[in-house]
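# Residue-level structural notes
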Protein chains: 4
Amino acid sequence: MQINGVDIKDTFAEAFGIKVSRLLVTAATKKLALTAATEATGYATSVIGCPAEAGIDVYLPPTETPDGRPGYVIMICNMSKKKLSHELLERIGMGILTAPTTAVFNELEDADEMLNEGFKLKFFGDGYEKEIEIDDRKVFSIPIMSGDFLVESEFGIKDGVAGGNFFVGGDSKMSALLGAQAAVDAISNVPGTITPFPGGVVASGSKVGCNSYKFLDASTNEKMCVSLKDEVAESEIREDINGIYEIVIDGVDEASVKKAMTEGIKAACTIPGVLEINAGNFGGNLGAYKFNLRDLF
Amino acid sequence: MQINGVDIKDTFAEAFGIKVSRLLVTAATKKLALTAATEATGYATSVIGCPAEAGIDVYLPPTETPDGRPGYVIMICNMSKKKLSHELLERIGMGILTAPTTAVFNELEDADEMLNEGFKLKFFGDGYEKEIEIDDRKVFSIPIMSGDFLVESEFGIKDGVAGGNFFVGGDSKMSALLGAQAAVDAISNVPGTITPFPGGVVASGSKVGCNSYKFLDASTNEKMCVSLKDEVAESEIREDINGIYEIVIDGVDEASVKKAMTEGIKAACTIPGVLEINAGNFGGNLGAYKFNLRDLF
Amino acid sequence: MQINGVDIKDTFAEAFGIKVSRLLVTAATKKLALTAATEATGYATSVIGCPAEAGIDVYLPPTETPDGRPGYVIMICNMSKKKLSHELLERIGMGILTAPTTAVFNELEDADEMLNEGFKLKFFGDGYEKEIEIDDRKVFSIPIMSGDFLVESEFGIKDGVAGGNFFVGGDSKMSALLGAQAAVDAISNVPGTITPFPGGVVASGSKVGCNSYKFLDASTNEKMCVSLKDEVAESEIREDINGIYEIVIDGVDEASVKKAMTEGIKAACTIPGVLEINAGNFGGNLGAYKFNLRDLF
Amino acid sequence: MQINGVDIKDTFAEAFGIKVSRLLVTAATKKLALTAATEATGYATSVIGCPAEAGIDVYLPPTETPDGRPGYVIMICNMSKKKLSHELLERIGMGILTAPTTAVFNELEDADEMLNEGFKLKFFGDGYEKEIEIDDRKVFSIPIMSGDFLVESEFGIKDGVAGGNFFVGGDSKMSALLGAQAAVDAISNVPGTITPFPGGVVASGSKVGCNSYKFLDASTNEKMCVSLKDEVAESEIREDINGIYEIVIDGVDEASVKKAMTEGIKAACTIPGVLEINAGNFGGNLGAYKFNLRDLF
């Protein structure tokens, strides 16, 4: 199977369950909203080493937000509900409340459960906070030095999907990189999904375990490392491929991840020098979700 | 005392000791270096709730970096050496190693001590990593999917200064905000300093403790909240001031923080509507450093 | 009439006829498309002194473009058809054809007339150009050093509207500026409109003619200059207003300009310190279009 | 000759004389200064079809500008003094005076001649303008709607160099593109130079004249078009090269262009997949300046 001359490998991406939250961060201007959204979703590429997986989902213009101001939807995710609750509290409290002119609203549909992080944050107001209603939502208005910070009382969480993925293989490193960036651009318009790695792109796809150092749970995937192609006998890299980048996707549900993979792969296939789309899996026994690449089209 | 017609209050900023590291993140392009630097320094406004305080220090052009590529110097800080060691490992490993085309070098002069986080990261290479030398530095080259990630073996840490600060008071909220943003622009060119809050600006300066809710260690500083000016009898806000934003600065030493405060305040004073520069302190008994505003000029 | 406590003055904006074109610039990535769109729409704030009025209209994701790549819709306008034809040729030829990985398509609905600028550009191919079809459009593929540049054969023009406008008055200069920026953010999501001034904001609204220097056709509008409020007896600035910025809008038709003004004004009224929305007119005798501010809501 | 394994061809870039101006645009914040600088230097890739060649030179922090605010140095160039005078007047008047919070100063050292464009602009003040002095410069303060616009009275021009250039050849299109972008990043720190094409990169290097259509003065350089490599018998493209982008540099003097070429080429040679650096000339008979690639190192 080929798209625009690019081979779509007959394989599947293996993905996992994760608890996701979805928040809307509004501010006086688009740039101020982006600043807060970026701070709150930083240091959050993978729960392997970060306290959360997080990223910017989509932009909403003033006409589509509860307070008529521009906003960015962000997703914050963790396997554990308790850790997600903590991350929500701190990422809102330290990254958004502290940012100029912001407000935060719940933006998750079909929540499994509500967490009262907004309620917890209201105590920062030291008795001067007020409960108000915006767009039929219960919101706390907390006086801060620069004005009033608005935060919805409760934020929904639900069982979502982590680790949807595909690999972009190119004739050269930079072909693969541009292919991956084009994929990220396309995915950035699919609501309900994020690409949590830096700039949306993963440079260092890994394997489970480590052969040389037994104390490590994860290590470089030598069979897919382009600079080891000639050194590693079991290299699984096609001879004409010299660059590989991975895209990892978290989503609110299977359908969102599927759509993100579809649009991302189509976009990668528009880039000259991209030769093959592959995907990462662990034999199919670890993850709850399988996305066959060829079934996407 | 006035600068450009703006009152400089006769008060001081109270600051604290913190352990700082200073790293250089290079990449193929300036934009790729910025992407990695941003991810690695996110979720790091204040150790009150974040796992670190971090931010981008200065940009270095290709002519000034060990590998001849553009780079951003970042600072990562924590009160505890053990926590800083952990944050260095994870922020490099999860936020920079995972980003396209990056390398990381130690950029701290006069270190008190060296931490071997680069050495720890080399094990990710599963035996395929190599030790090389760049610019007289011991560096590990770790094969990753997209190429080779370079990381210096050791990173210096030293006793630095956290919480250098000043308040920008304006005739209106937006005057104060622009004043604060102008200050951040100026500080961004002072080497050895960061402004770790979102976009460099703090919207929510706090006080120690909480009157209404005893379980809280910090809460809103009601005497400095512009929307409580008429409600709080002890409000310390000048009658003609309607907007206040704070700048918080971390630096490698006292001199750097002093320079950042000086340049930042001068810049804030160029903005129409800025009326007063104030500073935050706790009576002078908590912090190891005091910066008298009027001594800066 | 008030919106969010901001006075909407009982006045109207006076606007003019102009010939507009509307193009879609696609590229390998969103950033590359933006680079070309920015170059092609620069130096184009007002036909008073610029060779065109131009700006970026809206972003289209890969799913909504003829070639499945991300793209920016831009508008290029001039009173004269002949000048517009020249500007189209040169802005496409010098600003987009020269930019990495781009393609250009006609994106104007209901054109009054088609101009064959794409056909004219094909000659740059020196006989190596090819006619192809994309999405039922006649397109020329022109070999250039870096690959093939695609340009649709014909671009539509139609009678549109120039000079839709409103003034944002604030208690301080920076309040008015942020109000104007918030307006631009909102308008940027209204298809069929641009705000051609730098960053979408006009700092220097002018009057027709000049009292002191008769050789000038336009000069500063002293009655609306905030720094002349006390100096000019006939100043029309409200006592509590100390900052004024203007928004100017060009659109494909009256309805688009009306929508842009509506959304822009609503957004400006969310900014603290914004006090009044006003508009610019010349008594109603010069322009073909009048937009009563209060009729917008 | 090789740099980092990349072949430096034994050839030269042929460049031309041009009249250059160099201006400093300051504003309240770095972002506002960039907005004005971008508008004023748009639609200015090449005098072949644009009214000027222009671009952003370097950023100056508040400590290095006459008014203590952040600023961007820009260059505006034209072969003809008369046209340059016109472009200065209009690009300042329409692109900078109209932008929020700006001021403009002369930033050219060793001018051959001074043009009084600031003096001409003062008439916009309709008698309310004032002459002031800043940093020993004669400056006009012109009241505009949003405040006061400052413009230095005179701007220097001098004989500079246009069309310094080199080609980045890569194993794939995207390798060459990233190589070119890395070059632009490096050149952006060389004072006195600009790369006037979109994003600094030329996608469409041309030849003088046209074989198939005699009415054209310039057309595609088919011998250097990667997509015509197999079709054009006289193709001058190395077999393993599949992507070529060009960098064009204008500078205040030969030394600046030389430095920009040197730093740009070194940067391009750090990008994986870049194979060869070439340059464009016309046999050496057209241009006043020759830059031998190998003499740069």
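For clarity, every value in this text was computed on a predicted model and none was experimentally measured.

Looking now at the overall build of chain A. Across its full length, chain A carries five helices and 17 strands. The C-alpha radius of gyration computed for chain A amounts to 21 Å, which stays within 12% of the reference 19 Å derived for 297 residues, consistent with globular compactness. Dimensions of chain A along its principal axes, counting C-alpha atoms only, are 65 × 40 × 30 Å. Going through the 297 residues of chain A one by one, you find that 66% of them count as buried. Contacts spanning at least 24 positions in sequence make up 74% of the contacts within chain A whose residues lie at least 6 apart.

With that settled, the discussion passes to unusual backbone geometry. Residues and elements named next belong to chain A. Of note in this structure, Asp 135 is not a glycine but carries a positive phi near 55°. Topologically, Asp 135 is positioned in the loop between β8 (130-134) and β9 (137-144). Classification of Asp 135 as exposed rests on a count of 11 C-beta atoms within 10 Å. We note that Asp 136 has phi near 65°; this positive angle belongs to a residue other than glycine. On the secondary structure map, Asp 136 appears in the loop between β8 and β9.

On the chain C side, the residues contacting the nine residues of chain B number nine residues. Class assignment for the residues of the side of chain B that touches chain C results in four nonpolar, three polar and two charged.

Quick look at the relation of the copies chain B and chain C now. Mapping chain B onto chain C is achieved by rotating through 180° and translating by 0.0 Å along the same axis, at an RMSD of 0.0 Å. As the rotation angle and translation indicate, the two copies are arranged about a two-fold axis. Of every C-alpha in chain B, the one belonging to Met 174 of chain B sits nearest the axis of rotation, 2.8 Å from it. A share of 100% of interface residues in chain B that are also interface residues in chain C marks the association as one of identical surfaces.

Attention now goes to the environment of Asn 242 of chain A. Residue and element names in this part refer to chain A. Following the sequence through the fold, Asn 242 ends up in the loop between β14 (218-220) and β15 (243-251). Between the C-alpha atoms of Asn 242 and Asp 171, which are 71 residues apart in sequence, the distance is 5.2 Å. With sequence-adjacent residues up to four places away left out, Asn 242 is seen in contact with Asp 171, Ser 172, Lys 173 and Val 226.

A word on helix α2 (residues 81-95) of chain A. The end-to-end C-alpha separation of α2 of chain A is 20 Å, in line with the 21 Å expected for 15 residues at 1.5 Å each. Within the span of α2 of chain A, buried status applies to Leu 84, Glu 87, Leu 88, Glu 90, Arg 91, Ile 92, Gly 93, Met 94 and Gly 95 of chain A.

Below, the discussion takes up the environment of Leu 108 of chain C. Residues and elements named next belong to chain C. For Leu 108, the position within the fold is in the loop between β6 (103-106) and β7 (113-115). Assessed through the 21 C-beta atoms surrounding it within 10 Å, Leu 108 is described here as buried. With residues up to four places along the chain from it excluded, the contact list for Leu 108 reads Ser 21, Arg 22, Gly 156 and Lys 158.

Residue and element names in this part refer to chain D. Buried residues dominate strand β5 (residues 71-78), accounting for eight of its eight residues. Neither face of β5 is open: one carries Gly 71, Val 73, Met 75 and Cys 77, the other Tyr 72, Ile 74, Ile 76 and Asn 78, and all of them are buried. Bridging between strand β3 (residues 12-26) and β5 involves eight bridges; their strand directions are antiparallel. The residue of β5 that forms the bridge with Leu 23 is Ile 74.

Residues and elements named next belong to chain A. Where helix α4 (residues 173-187) contacts helix α5 (residues 254-268), the two axes come as close as 7 Å, and the packing angle between them is 140°. Comparing the axis directions of α4 and α5 gives the class oblique. The handedness of the crossing between α4 and α5 comes out as right-handed. Counted together, Gly 179, Ala 180, Ala 182, Ala 183, Asp 185, Ala 186 and Ile 187 of α4 and Ala 260, Glu 263, Gly 264, Ile 265, Lys 266, Ala 267 and Ala 268 of α5 form the full contact between these two elements. Of the residues that constitute the contact of α4 with α5, the class distribution is nine nonpolar, two polar and three charged.

With that settled, the discussion passes to the domain arrangement of chain A. Residues and elements named next belong to chain A. Per the domain assignment, the segments of chain A are domain 1 (2-14 + 160-296) and domain 2 (19-158). Taking only C-alpha atoms, the centre of domain 1 and the centre of domain 2 are 30 Å apart. Between domain 1 and domain 2, the residue contacts involve 14 residues of the former and 16 residues of the latter. When contributions to the side of domain 1 that touches domain 2 are tallied by element, the ones reaching two or more residues are β11 (155-170) and β12 (193-194). Along the lines of polarity and charge, the residues of the side of domain 1 that touches domain 2 split into eight nonpolar, five polar and one charged.

Let's shift gears to the pairing of β9 of chain A. Residues and elements named next belong to chain A. As defined by bridge partners, β8 adjoins β9 across five bridges and the pair is classed as antiparallel. Looking at the pairing, Glu 133 lines up with Lys 138 of β9. Bridge analysis of β9 against strand β10 (residues 147-152) gives six bridges, and the strand direction is antiparallel. Across the sheet, residue Ile 144 finds its bridge partner in β10, namely Gly 147.

Bringing the relation of the copies chain D and chain C into the picture now. Screw-axis analysis of chain D against chain C gives a translation of 0.0 Å along the axis, an RMSD of 0.0 Å, and a rotation angle of 180°. The residues that chain D uses at the interface reappear at the interface of chain C in 100% of cases, marking a shared surface.

What counts, and at which threshold
- Residues numbered from 1 in each chain as written.
- Chains lettered and ligands numbered in written order.
- Predicted model: local features only at pLDDT ≥ 70, side-chain atom pairs only at ≥ 80, totals over all residues.
- Helix = DSSP H or I, 4+ residues; strand = E, 2+ residues; numbered from the N terminus.
- Rg over C-alpha atoms; globule rule 2.2 N^0.38 Å.
- Buried ≥ 20, exposed ≤ 12 C-beta atoms within 10 Å, placed from the backbone.
- Contact = placed C-beta atoms within 7 Å.
- Nonpolar A, V, L, I, M, F, W, Y, C, P; charged D, E, K, R; others polar.
- Least-squares fit on C-alpha atoms with pLDDT ≥ 70 in both.
- Expected span 1.5 Å × (residues − 1).
- Pairing = 2+ DSSP bridges.
- Axes fitted to C-alpha atoms, helices over the stretch in contact; angles between N-to-C directions.
- Parallel < 35°, antiparallel > 145°, perpendicular 65-115°, else oblique.
- Left-handed = near helix turned anticlockwise from the far one by under 90°.
- Domains from an automatic or database assignment.

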